[in-house]
Structures are given as C-alpha cells and as structure tokens.
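Chain by chain, the residues run as shown.
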Amino acid sequence: MNDRYIMNEKPILWITRKLSANTERRASQNYQVILNPEDTLVTPDEIVNRSHEVDAILPCHSEVFSRDVVQCLGQRVRIIANHSVGVDHCDLNALSERGIVVTNTPDVLSDATAEIAMLLLLGAARRAIEGDTMVRGLQWKSWSPSFMVGHQVTGKRLGIIGMGRVGLVMAKRAAGFDMQIHYHNRNRLAPESENGAVFQKDLDSLLRVSDFLSLHCPTTDETRGLMDERAFSLLPDNAVIVNTARGALVDENALLNALTSGKIAAAGLDCFQVEPGGNPDFAVHQNVFMLPHIGSATLETRDAMGFRALDNLDAFFSGREPQDRIA
C-alpha cells in the first residue's frame, strides 16, 4: 500500500456522477472528493484525463471503461468502485491486467428493481399506458364490458430468466399474486431457495410455459440478444415480457415484430439497447409500458448503493479485501 495512505493522508476519490447527498457527505469524511454537482455525462477523454489526478474512481454504469480507455488510465488509479451491480461497462480483463481492483454493489437494489418489474408487469398486462393517455387526453367518453380489457395476472405462469438476487425477490412478489413460478438458471437452486418454483433446465422449456416472462440475468456473450425471433416464437400466444435487466438481452426488432404480429400481447421495458434515449419505434405501440432505466431509483436504494461502494473503498484503502471485489 502507498505510504501516504498509511500516514492517513486522504486518498483522492473522483465520483463521476451526482450521487445521494448522504453518500457524498460520507465520502467527504474519508477522502479528498472530486464531485460532479452538475451531473454532466463524462466522456472517455475526461475519464482518462481525470485518472491521472486520482487514486480511486466511483463511477456509474454511464461511464464506459473499454480496453482502449483502460490502457490510457493514469498509473495512480488503484480501484474502481462501481455504483452498480452490472459491470458490462467495464472491461474486467483489461482492468485486471493493469492491476486495478474492481468492485460493484450487489444485494442492495434487489427490492427496488423487483418493485419496478412488478409495476411493468402489471402495467403492461392491464393496459396502463393506454388508459393513462386516454384519461389525460380527455378522451374517456364511455364505458362497456368490452372496454379496456387486459390480461389477468393472478394464477398465471411467470417465467424468470436468471434466478439471482433480483429474480428471487421478483418470484416472491409474484407469488403474492398467486402466480406459478418457473425459472431458468445456469444451475438449479437448492430446494429451500426455490420456494415451490419449478426449475426449467432448458431455456426453450421455460419459454413455452411463460405466460409472463421477466428477465433478470446479466449481459454476457451467451445472453446478448437472448430474446430473438426464435425465442419469441416459443412463448405462448399473448405472452407479456418484462425487462428490467439490460437492454442488450433483447433483439428489439424481434420484439417489435412480435408486438406487431400480435404474438406478444404487451411489454414492460425499463432498459434498452440505446441509453439514454431508448428506441422510438416502441413509442407507437400503446401496449408497451416504458420507463427510463429507473429500477433502482429509490431514496433508500441510492443511499445503500453509495454506502456499499464506499464500504468497498474503505476496505481497500485500509488494506482489507473489498467485500464485493469482482476483479
């Protein structure tokens, strides 16, 4: 460890985006902090330039540490403590080759993300966007038994791809609606963790029984574009898909085709291939309930994420192994 840390000189920490007030306040107690009060998006050139001035970086998913960026980072940077669970914005191999420690913030956003997944599932199934648009536009002129008929959630089969932390909470929330839970994972869970959920060893088998499908797996080479034309064709007619994981999991053209053909009844999306911005082609579909990637956006979770990242930094600079080290 560098002598100046042993001598209690505060390390210089760059927080790339505006975090919760509690997080920034705590960070200032133990570090010389460089903040971004205007919350401007940081460019790759800015990442490289700033890296020569700091000992640690606390970035969000919006900052991309590609191999090209990593190779140009200053020698001073020792750790990147991500304010996110997903780390597909980091080239972990390149960072490991440079000897830079990488951490993330697992566990603390599972409840908030599962809440958003349930919101999207219910909103998509019950035509929330259509109804809201109608009332706001003063177009609600009549009612009949055939008016705004949606798809009931209670008792239906929910397929979960990725029964990790968020997937498990999603299963628990959905069970409250008496949904029948099926899941596909790399490995089957222990029986006591399944809580009655049915393990589907093959993805195809899961898709065929999923009246509702919720994505909770990370983006990897194996899962990128997982939901393509073939995958959508295997779902039951009038299925509803929800994605609160990563936009790269879904072939958006394939989803648009499935919506247009009527194969898919509705979709709830909190993430897209292009972020920020999303896909404007979805906007013409009133049966697509969209949010701007806010799955973890609660006051409680933002504090918890920031504190978890700081816990990892505190451990590193005190000579201990960070709890959430992934590289």
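Criteria and thresholds
- Residues numbered from 1 in each chain as written.
- Predicted model: local features only at pLDDT ≥ 70, side-chain atom pairs only at ≥ 80, totals over all residues.
- Heavy atoms only, no water.
- pLDDT = per-residue confidence, 0-100.
- Contact = heavy atoms within 4.5 Å.
- Buried < 20%, exposed > 50% of the residue type's maximum accessible area, 1.4 Å probe, protein only.
- Helix = DSSP H or I, 4+ residues; strand = E, 2+ residues; numbered from the N terminus.
- Polar contact = N/O pair within 3.5 Å; in protein donor to acceptor, adjacent residues only side chain to side chain.
- Axes fitted to C-alpha atoms, helices over the stretch in contact; angles between N-to-C directions.
- Parallel < 35°, antiparallel > 145°, perpendicular 65-115°, else oblique.
- Left-handed = near helix turned anticlockwise from the far one by under 90°.
- Nonpolar A, V, L, I, M, F, W, Y, C, P; charged D, E, K, R; others polar.
- Pairing = 2+ DSSP bridges.
- Right-handed = clockwise from strand over helix to strand, strands pointing away.
- Salt bridge = Lys/Arg side-chain N within 4 Å of Asp/Glu carboxyl O.
- Core = buried A, V, L, I, M, F, W, Y, C linked by side-chain atoms within 4.5 Å.

## Points about the confidence of the model for the protein
Right, so step 1: The pLDDT averaged across the protein works out to 96; a share of 98% of its residues lies at or above 70.
Right, so step 2: Below a pLDDT of 50 lies the segment residues 1-7, which in the model reaches 14 contacts outside its immediate sequence neighbourhood of four places, other chains included.

## Details of helix 12 (residues 252-261)
Right, so step 1: Every buried residue belonging to helix 12 is among Glu252, Ala254, Leu255, Leu256, Ala258 and Leu259, and all of these are buried.
Right, so step 2: Turning to helix 12, the residues buried within the fold contact helix 11 (229-234), strand 10 (239-243), strand 11 (264-269) and strand 12 (288-290).
Right, so step 3: Its side-chain oxygen placed 3.1 Å from the backbone nitrogen of Asn253, Asp251 serves as the N-cap of helix 12.
Right, so step 4: Positive phi shows up at Gly262, right after helix 12, with a value of about 90 degrees.

## Here's the deal with the packing of helix 2 (residues 21-30) against helix 13 (residues 299-317)
Right, so step 1: Two numbers describe how helix 2 lies on helix 13: the axes approach to 9 Å, and their chain directions differ by 20 degrees. When the axes of helix 2 and helix 13 are compared, the pair comes out roughly parallel. Remark: the crossing between helix 2 and helix 13 carries right-handed chirality. Listed contacts from helix 13 to Asn22, Thr23, Arg26, Ala27 and Asn30 of helix 2 are Arg302, Asp303, Gly306, Phe307, Leu310, Asp311 and Asp314.
Right, so step 2: Grouping the amino acids of the contact of helix 2 with helix 13 by side-chain chemistry returns three nonpolar, four polar and five charged.

## Thoughts on the pairing of strand 9 (residues 212-215)
Right, so step 1: With burial as the criterion, each face of strand 9 is covered, one bearing Phe212 and Ser214 and the other bearing Leu213 and Leu215.
Right, so step 2: Sheet topology note: the strand 6 (residues 157-161)/strand 9 ladder contains four bridges and is parallel. Note that in strand 9 the partner of Ile160 across the bridge is Ser214.
Right, so step 3: Of the pairings in the sheet, the one linking strand 9 to strand 10 comprises four bridges and is parallel in character. Bridge pairing in strand 10 places Leu215 opposite Asn243.
Right, so step 4: The parallel pair strand 9 and strand 10 is bridged by helix 11, and the resulting crossover is right-handed.

## Quick word on the sheet that holds strand 4 (residues 79-81)
Right, so step 1: Spatial ordering of the open sheet is given by 2-1-3-4-5, a layout of five strands whose pairing is parallel. The open sheet has two edge strands, strand 2 (32-34) and strand 5 (101-103), and neither has a second partner. Put simply, the sheet's adjacent strands are angled 20 degrees from each other on average, direction ignored.
Right, so step 2: Pairing of strand 4 with strand 5 involves three bridges; the strand directions are parallel. Paired with Ile80 across the strands is Val102, a residue of strand 5.
Right, so step 3: Sheet contacts for helix 13: strand 1 (12-15), strand 3 (56-58), strand 4 and strand 5; angle to strand 4, the most-contacted strand, approximately 160 degrees.

## Regarding the pattern of salt bridges
Close approach of charged atoms allows side chains of opposite charge to pair.
Right, so step 1: For the coordinates displayed, the defined rule picks out 20 salt bridges.
Right, so step 2: Across the pair Arg173 and Asp111 runs a salt bridge whose closest N-O atoms are separated by 3.3 Å. Residue Arg173 is found in helix 8 (residues 165-175), and its partner Asp111 is found in helix 6 (residues 110-125); the two are separated by 62 residues along the sequence.
Right, so step 3: Residue class for Arg173 comes out partly exposed when judged on its relative accessible area of 30%.

## Examining the pairing of strand 11
Right, so step 1: Where burial is concerned, most of strand 11 is hidden: six out of the six residues are buried.
Right, so step 2: Judged from the five bridges that link them, strand 10 and strand 11 form a sheet pairing that is parallel. Bridge pairing in strand 11 links Ala239 to Ile264.
Right, so step 3: At this point the chain moves from strand 10, through helix 12, to the parallel strand 11, and the crossover so formed is right-handed.
Right, so step 4: Bridge analysis of strand 11 against strand 12 gives three bridges, and the strand direction is parallel. Note that in strand 12 the partner of Leu269 across the bridge is Met290.

## Things to note about the nonpolar core
Right, so step 1: Counting residues in hydrophobic clusters, the biggest one holds 29 residues, and the most contacted among them are Ile161, Leu213, Met227, Phe232, Ile241 and Leu255.
Right, so step 2: For this core, the elements supplying multiple residues, two or more each, are helix 10 (203-208), strand 9, helix 11, strand 10, helix 12 and strand 11.
Right, so step 3: It is helix 12 that provides the largest number of residues to this core, a total of five residues.
Right, so step 4: Val153, Ala171, Ala174 and Met179 belong to the second largest nonpolar core, which has 28 residues in total.

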